[in-house]
Amino acid sequence: MAQSTTDSSTQTHDGNQASRKKAVNLQAITVTGSNIRSVDVENAQPVVTISSEDIQKQGFATVGQLLQNVSSMSPPDLSRSAPGDLGPNQGGAFIDLRGLGAMRTLVLVDGQRIGAAHGGYTNINVIPTAIVDHIDVLATGASAVYGSDAIAGVINIITKKNFNGVQLDTYNGQYMPHSDGRQTQSSVTFGKSTDRFGIVFSVSYQNQSPVWANNRPFSAYPYTAQHPYYGLSQYGTQPQIRNAPSSFAGGGRLVLNPGGDPMNPADYHAFVHPTYGPDGDIVNPGDQTYNNNADRRTMVLTADRTKNLYLDTHYKITDNITFKFNYGYNADYEYAKSGAPLFYSGMGGHSAFPSLLSRYSYYNPVYGVKDLSIAQRITEDSYRSYNNPKNYRYSFGVDGVFSLGEHQFNWDVYMYDSKISGVNVRTGYFNLVNVANALGPSFLQNGSVVCGTPGNVIAGCVPINPLAPLTPQMLNYIAIDSVEHYGSNERAWVADFGGDLFALPGGDLTFSTGVQHRDESGYDSPDPFAYTGSSTDGGVAPNSGAYNLNEAYAEINAPLLKDLPGAQSVSIDVATRYSHYSNFGSTTNSSFKLTWKPIDDLLVRASYGTGFRAPTVNDLYQGRYPAGTFTDPCDAVYGPSAYGQSPIVAQRCLTGYGGLPGVPANFRQTDNTGVPINAPSGSGYMPSTNWTGGNPKLRPETSYNGDIGLVYSPSWLPGFDATVDWWSYNIRNLITGISNDQLIADCYQYSIQSACGQFQRDPATGQIINLLNLETNAGWMKERGYDFSVNYRFPETRIGKFKLGMNGTYLTSFNMLPTVGSNIVYMAGNTQNFYSAWRLRGNVTLNWSWHDFGASWTARYFSPYKSNCAFDPSLGVTAFPCTLPNYYAPGVGVMPQTQVPSVTFNDVQVYWNAPWNATISLGANDIFNRVSPNVYGGYASGDTPFDFNSSYDLGRFVYMRYQQRF
């Protein structure tokens, strides 16, 4: 990707490049990473700037696609390659700097927050590319400057300001030779700018068609097209009886023959299990079938339509005071499809609705003998999700400048308001109340089958024959949509003041101060019918909440020395920010930055800062839902091994601990039917009393980060510059969800008294009840690595101008402790963090221009990484790669891994500046149609259920871009 590390002194107030010779005449600007306005500030922190020219040279239609190819990015927490991602964030584009999580990357527009969903995720595609002037990527912590969420870094999107004329942009592209995944984009932007007034207005429309799973070898089958029979579902479109009596076709598990009569036992056969070869691969699937086999009813890239409207205007009230107004509207129409639902006995997990075919159902082939357990894949329906978020954002304010003697000062006062609201509608679910009626007793009345019994007909009920294809009437009666409403609101009032105070040996001491008040609120209302357990969709309680905060900050920049031997310039920058939140209290964070030029050609820079991430509305107030299973440490059979055979735990079980009573030595954990569990992780004695969800008592995550770097621009080689920066993160008190077993271990094994108060024991039975496993602060992450870049602008030749650029990120370590007592996870170069942490990721770009023609070639490199083997080598399944069967994971032991090979994608573009003031660009991303390496059985290489990495390309993408200027 064409990128450059740009000094603030080479940018005008609207972000355009300017020559160094003219830098002293520029207006003061604010650079990303500082609140101080200046015309001559060396960057103490590495800021990668992507210009509008760079954006035009790339074949990406959206800001999210563009940023995902910056070398410091990791696979996003949520992606369009995961059609099963549901809820408010489905289909969005989220930026994850350093792999620390998208909620730890702050996204700004012109230095102001966009506004995140109530779960902390910011959909960056709400910003249309047509209004982007340049993008600054600050890949280091900046909470002292920007407050919460800037732990990993900051994405600052700078929009066009002084724009004159009209510009039309169109973009069309699709994957070739697959002819799918088409992307179209159209926008019109016009503006007018004078000495006193300026306006920019833009409207855009974008449509991204889906890519279907059956059109790619890595997603056409559960374990890729190389193993088409492995991982298939036991349930397909042919109906099954899972508990037939011996008197009917021999009994047991039966499958109806294609076209067979469900009432005739001769038309059934016993379920045929798959046949395995000597290498463990399946050579004959038997009755297993692909569970989405109906044109492969799953998307590997979901569909999305976006409408954007943008307005920015300013007016000079006086020569020194300017009024500003900005408005943005974004409407998304996101569509995902992820297979066909399974209709089966026991669906929904609700004991009140067993979904058995009644022995007295008209459609029961053993009428009056037995309730039947049935299963059938319903291809007449499918799991679909329609997510329609809308984002409204406006801001207005005034800013100005004034002088006191020889000192210049600036100020601004503004407010912004950002609202997100949406509805997520999901299909493919069943109304369990109606299912119970439809599978219950039924009989023939006046030539029609009706629900109920003679004299007690259930009005409106449509009886179901689950052993035959469902009619539209049957499906309409039992199908139900799940509807979720959600929204969030962020509103802030801000005032800033700054300027220069007095002269120092290296220049003027400058400062900036400011205050801010911000209100945050959000809500999520899942489907109420699903929450009651009456639907096959999982139920979560509704939630809503709000908090507010007040902040004050101060920053100074002190140029200490200048033009001295060994110190051509030395300056320091110190910033501190005090934040008071209504929900958890106060936090203060500071940063310290140093720039030193021992010689004109070399800049040494360093920084250190602390940071924080406040809990989101969803973290605090997420609705309660069942906590799931656990293993009681006091269970006489499974408890000791689950808790390390600890004698301390055994003693505490006998005598009691942390306010919990003791239990007998032969104590057994029972399930909700009162039967002792027969395996670890039982359902619990009273699962309806065990819950998880948000936690209003959460504290913020805390962090500290550091950077040391060099920038070398040799005077003896004009056009050349190189940078290298070492960086480090340390994040504590992670806001996370822990397992029920971990919560119980925190009490019995790790002596955390507060954990003991989160569950009780029934006084009569000793069973664990009222377990409340909420979000908590636990664990830490540490990450270190290097960023580097080399750029060279060759001397102009007869055949044109050439520019070579290279940039990359090398990861030296990435370690995580999920919670107390767990093993440290070493994630650098592997997928133990459930997505890829490449050791090395980089881009090399060669640009050429000659008169009105130009071209660029970009190579995007991803280094090898380790992934868990699909199968443990001890199982003897050799059909799937396991190249490192004896790999030793520190702190864990032998953990078989396989090496996923490196991959390089090549992009090319050519363009022509036409004489009618237009630019025509043709290009191809992944021009060699490089296939993504398979990552078998992981689901651990990006947010996707398929055996590939969601950061990799889906194949060759060919596009044309046309821009017309008037």
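Residues numbered from 1 in each chain as written. Predicted model: local features only at pLDDT ≥ 70, side-chain atom pairs only at ≥ 80, totals over all residues. Heavy atoms only, no water.

## What to know about the overall build of the protein
Moving on, step 1. Looking only at helices and strands, one finds 11 helices and 55 strands in the protein.
Moving on, step 2. Here the C-alpha radius of gyration of the protein, 31 Å, is about what a compact globule of 966 residues would show, namely 30 Å.
Moving on, step 3. Each of the three principal axes of the protein carries a C-alpha extent, and together these read 100 × 70 × 55 Å.
Moving on, step 4. When contacts within the protein are restricted to residue pairs at least 6 apart in sequence, long-range pairs at least 24 apart make up 70% of them.
Moving on, step 5. A total accessible area of about 38600 Å² is found for the protein, and carbon and sulfur atoms account for 58% of it.
Moving on, step 6. If the 61 positive side-chain charges of the protein are averaged to one point and the 73 negative ones to another, these points end up 2 Å apart. (Helix = DSSP H or I, 4+ residues; strand = E, 2+ residues; numbered from the N terminus. Rg over C-alpha atoms; globule rule 2.2 N^0.38 Å. Contact = heavy atoms within 4.5 Å. Areas by Shrake-Rupley, 256 points an atom, 1.4 Å probe, with all protein chains shown as cover. Lys, Arg positive; Asp, Glu negative; His and termini not counted. Charge placed at Lys NZ, Arg CZ, Asp CG, Glu CD.)

## Here we look at empty space enclosed by the protein
Moving on, step 1. Tallied over the full model, the rule gives 11 cavities of 30 Å³ or more.
Moving on, step 2. Roughly 620 Å³ of internal volume is contained in the largest cavity.
Moving on, step 3. Lining the largest cavity are 32 residues, with Gln65, Gln68, Arg80, Leu301 and Ser950 sitting closest to its centre.
Moving on, step 4. Only helix H2 (63-67) and strand E9 (165-175) provide two or more residues apiece to the lining of the largest cavity.
Moving on, step 5. Classifying every residue of the lining of the largest cavity gives 13 nonpolar, 16 polar and 3 charged.
Moving on, step 6. Each pocket or cavity is described by its volume, and for the second largest cavity that value is around 320 Å³.
Moving on, step 7. Looking at the second largest cavity, it is lined by 28 residues, and the ones nearest its centre are Ala116, Gly120, Asp149, Glu490 and Glu520. (1 Å grid on protein atoms, 1.4 Å probe; cavity = no way out; pocket = protein on both sides within 12 Å on 5 of 7 lines; lining within 4 Å. Points joined across faces, edges and corners; volume = space filled by probe spheres on them. Nonpolar A, V, L, I, M, F, W, Y, C, P; charged D, E, K, R; others polar.)

## With respect to the sheet that holds strand E26 (residues 442-445)
Adjacent strands of a sheet pair through backbone hydrogen bonds, lying either parallel or antiparallel.
Moving on, step 1. Read from one edge of the open sheet, 3 strands run E26-E27-E28, paired in antiparallel fashion. Edge positions in the sheet fall to E26 and strand E28 (456-457), since each of these pairs with one other strand and no more.
Moving on, step 2. The pairing of E26 with strand E27 (residues 448-453) spans 4 bridges and is antiparallel. Note that in E27 the partner of Gln445 across the bridge is Ser448. (Pairing = 2+ DSSP bridges.)

## Here we look at the sheet that holds strand E35 (residues 625-626)
Moving on, step 1. With mixed pairing, the 3 strands of this open sheet are ordered in space as E35-E36-E42. Every other strand in the sheet has two partners, leaving E35 and strand E42 (772-774) as the edge strands with one partner each.
Moving on, step 2. Where strand E36 (residues 691-693) lies against E42, 3 bridges are found, and the strand directions are parallel. Counted as the bridge partner of Trp691 is Leu772 from E42.

## Some thoughts on the side chain of Glu490
Moving on, step 1. Structurally, Glu490 is set in strand E29 (residues 479-504).
Moving on, step 2. In this structure the side chain of Glu490 is engaged in a polar contact, spanning 2.7 Å, whose partner is the side chain of Tyr416.
Moving on, step 3. Apart from the residues lying within four places of it in its own chain, the contact partners of Glu490 are Arg113, Gly115, Ala116, Tyr416, Asp417, Ser418, Arg518, Asp519 and Glu520. (Polar contact = N/O pair within 3.5 Å; in protein donor to acceptor, adjacent residues only side chain to side chain.)

## Details of a nonpolar patch on the surface
Moving on, step 1. Taken together, the side chains of Phe794, Leu804, Met806, Val844, Leu846, Trp857 and Phe928 define a hydrophobic patch exposed on the protein surface, amounting to about 600 Å² of accessible area.
Moving on, step 2. Elements with a contribution of two residues or more to the nonpolar patch: strand E45 (801-817) and strand E47 (840-850).
Moving on, step 3. Assignment of secondary structure puts Leu846 in strand E47. (Patch = residues over 30% accessible without salt bridge, like charges linked within 9 Å, V, L, I, M, F, W, Y side chains within 5 Å. Salt bridge = Lys/Arg side-chain N within 4 Å of Asp/Glu carboxyl O.)

## Observations concerning unusual backbone geometry
Moving on, step 1. In this model, Met176 is joined to Pro177 through a cis peptide bond whose omega is 10 degrees.
Moving on, step 2. For Pro177, the location among the structural elements is in the loop between E9 and strand E10 (180-193).
Moving on, step 3. Here Asp563, not a glycine, exhibits a phi torsion of approximately 55 degrees, which is positive.
Moving on, step 4. Relative to the helices and strands, Asp563 resides in strand E31 (residues 543-564).

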